[in-house]
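# Working through the structure, step by step
Each chain, letter by letter, is given below.
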Amino acid sequence: MTWNQIAACALISLTSWAQAHTVLEYPVATAGESYKATFKVGHGCGASPTRQIVVDIPAGVQGAKPMPKAGWRLEVTREALAKPYISHGRTITEDVTRISWTAKTNEDMLPNGHYDEFVLVGTLPGQAGMMYWPVQQMCEQGRMDWTEIPKAGQKWSDLKSPAAALELMPGAAAGAHNH
């Protein structure tokens, strides 16, 4: 990654954080490689604490696995794939499409005045370009759906409730195997 790309990432990250949206810690990654998606949650819904975070896995992301959080119950949704793929010599016919973390008790909820992160890993698609991760934030009272995706010619920053954005940079040569 060049210094210009790093500076752009930092600016995007700082701008996103200032707007208090649910965003990715690292908004740039290499296509076709493993990626640690860290979703930064910096507020609740008004004064209400966050009780659940739901991440929809974008098409093309393979083998998504969530990181458990103390005090939060994990739920992983899998669906059949229209086109199976091979991973480590096995044919994969279904994959993760949604991951949710739900606070086990009221004390485990994320208070509005606190910050936390929700993490998963997966392998990114091999095609460079923009990818969006819709996130739903359910609170004790209310919810925030960070699910808007910019239309052609529209800026991510112009959206009221944008999905977390990830720019995929061109990856290694086809056929390379990365973890």
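Note that the coordinates shown come from a computational prediction; the quantities given were computed from them, not determined experimentally.

## Focus: the sheet that holds strand E9 (residues 129-133)
Ordered in space as E2-E12-E9, the three strands form an open sheet in which the pairing is mixed. In this open sheet, the two strands that pair with only one neighbour each are strand E2 (28-30) and E9. Mean inter-strand twist for the sheet, computed between neighbouring axes without regard to direction, equals 35°. Bridging between E2 and strand E12 (residues 164-169) involves three bridges; their strand directions are parallel. When the bridges of E12 are listed, Val28 appears paired with Glu167.

## So, the pairing of strand E3 (residues 34-41)
For E3, the buried fraction is high: six of the eight residues fall into the buried class. Looking at chain direction, strand E1 (residues 23-24) and E3 are connected through two bridges and run antiparallel. Counterpart to Leu24 in the pairing with E3 is Phe39.

## Points about the state of the cysteines
Evaluation of the coordinates by the stated rule reveals one disulfide. The disulfide that involves Cys45 links it to Cys139, with 2.1 Å between the sulfurs. In this structure the cystine formed by Cys45 and Cys139 twists about its S-S bond by roughly 70°; its chirality is therefore right-handed. One end of the pair, Cys45, is in the loop between E3 and strand E4 (50-56); the other, Cys139, is in strand E10 (residues 135-139), with 94 residues separating them in the sequence. We note that Cys45, like Cys139, is buried.

Definitions and limits used
Residues numbered from 1 in each chain as written. Predicted model: local features only at pLDDT ≥ 70, side-chain atom pairs only at ≥ 80, totals over all residues. Heavy atoms only, no water. Pairing = 2+ DSSP bridges. Helix = DSSP H or I, 4+ residues; strand = E, 2+ residues; numbered from the N terminus. Axes fitted to C-alpha atoms, helices over the stretch in contact; angles between N-to-C directions. Buried < 20%, exposed > 50% of the residue type's maximum accessible area, 1.4 Å probe, protein only. Disulfide = S-S within 2.5 Å.

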